[in-house]
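Architecture at a glance
Chain residues, written in single-letter form:
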Amino acid sequence: RGLTPFYLGQTRQGLRQIEQALKIDPANIYGLWMQAIMLIDDHRAAEADQVLKRVEEAPGFSNNMKLLARHALALERDDPKSAEAFKDLLKFVSDPGQDDHSQTYVGVVSVGFLARQGKIDDATQLLRALEYRGQRLHYDWLQENPNLKPLRNDPRFKEIASRSRARFDQMVSTLRSAEDRG
């Protein structure tokens, strides 16, 4: 449940929901990972680092999710290593041999962190990589997520949003046609 508010830019509300879930299951690695991501988004890097260390110690947790969290933390700290981490992230998201769900999730979350840090070129490059892989970037997410606000005046972003809107309009048209047919 905490992810929905996070995706809509309501990080603190999402964090409260994740913290409630962690009271029930404090060892839930995915919950801890989401907590770390949201703490980073809330500019609480030191707390996020502590939570992330617990996640990294857990066996079997996705290395790709760890990569995303470390990349986001490096960005938040304005660490010079974030440029290298971005290259790894872009390589992962662009790799056709990887799991689509994981790539999409890592890519979509990373775009917001990149945009918020003013890394417009990197954010649009990542959006294009997601689009190239066939990921449908939801128009409402592109327009409503406050972390993406720094991108919205960029012509490359406007092209991506325009294609997303066209896909949305086509979907609505198809649904209306199906509804008319009964």
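Presented here is a report on the structure given in the accompanying data block.

Conventions used here
Residues numbered from 1 in each chain as written. Predicted model: local features only at pLDDT ≥ 70, side-chain atom pairs only at ≥ 80, totals over all residues. Heavy atoms only, no water. Patch = residues over 30% accessible without salt bridge, like charges linked within 9 Å, V, L, I, M, F, W, Y side chains within 5 Å. Areas by Shrake-Rupley, 256 points an atom, 1.4 Å probe, with all protein chains shown as cover. Salt bridge = Lys/Arg side-chain N within 4 Å of Asp/Glu carboxyl O. Helix = DSSP H or I, 4+ residues; strand = E, 2+ residues; numbered from the N terminus. Buried < 20%, exposed > 50% of the residue type's maximum accessible area, 1.4 Å probe, protein only. Phe/Tyr/Trp six-rings, centres within 6.5 Å; stacked < 30°, edge-to-face > 60°. 1 Å grid on protein atoms, 1.4 Å probe; cavity = no way out; pocket = protein on both sides within 12 Å on 5 of 7 lines; lining within 4 Å. Points joined across faces, edges and corners; volume = space filled by probe spheres on them. Nonpolar A, V, L, I, M, F, W, Y, C, P; charged D, E, K, R; others polar.

To continue, consider a nonpolar patch on the surface. Together, Phe-168, Met-171 and Leu-175 give the surface a local cluster of nonpolar side chains, amounting to about 300 Å² of exposed area. As for its position among the elements, Phe-168 is in helix H10 (residues 155-181). Given a relative accessible area of 38%, Phe-168 falls into the partly exposed group.

Looking now at the packing of aromatic side chains. Overall, the coordinates contain one aromatic pair when judged by the stated rule. For the ring pair Tyr-30 and Trp-33, a centre distance of 5.8 Å and an interplane angle of 20 degrees mean the geometry is stacked. Taken together, the positions of Tyr-30 and Trp-33, both in helix H3 (residues 29-41) and three residues apart, correspond to about one turn of that helix. For Trp-33, a relative accessible area of 0% corresponds to the buried category.

One pass over the structure, following the stated rule, counts one cavity of 30 Å³ or more. Volume-wise, the largest cavity comes out at about 80 Å³. Forming the walls of the largest cavity are Phe-6, Tyr-7, Asp-41, Val-108, Val-109, Gly-112, Phe-113, Trp-141, Asn-145 and Asn-147. Considering only residue class, the lining of the largest cavity consists of six nonpolar, three polar and one charged.

What follows is about the layout of surface pockets. Roughly 200 Å³ of internal volume is contained in the largest pocket. Taken together, the residues of the lining of the largest pocket break down into five nonpolar, three polar and two charged. By volume, the second largest pocket is sized at about 180 Å³. Listed by contribution, the elements that provide at least two residues to the lining of the second largest pocket are helix H9 (139-144) and H10. Of the residues forming the lining of the second largest pocket, the biggest block, four residues, is contributed by H10. Here the residues of the lining of the second largest pocket are counted per class, giving four nonpolar, two polar and three charged.

It is worth spelling out the pattern of salt bridges at this point. Here the structure, examined in full by the defined rule, presents 13 salt bridges. The salt bridge partner of Glu-131 is Arg-163, with a shortest N-O separation of 2.6 Å. Taken together, the residues span a long stretch of sequence, with Glu-131 in helix H8 (residues 120-132) and Arg-163 in helix H10 at a distance of 32 residues. By relative accessible area, Arg-163 is classed as partly exposed at 35%. One salt bridge connects Arg-167 with Glu-131, and the closest N-O pair in it is separated by 3.9 Å. Within this pair, whereas Arg-167 is found in helix H10, its partner Glu-131 is found in helix H8, the two being separated by 36 residues in sequence. Taking relative accessible area as the criterion, Glu-131 reaches 15% and is therefore assigned buried.

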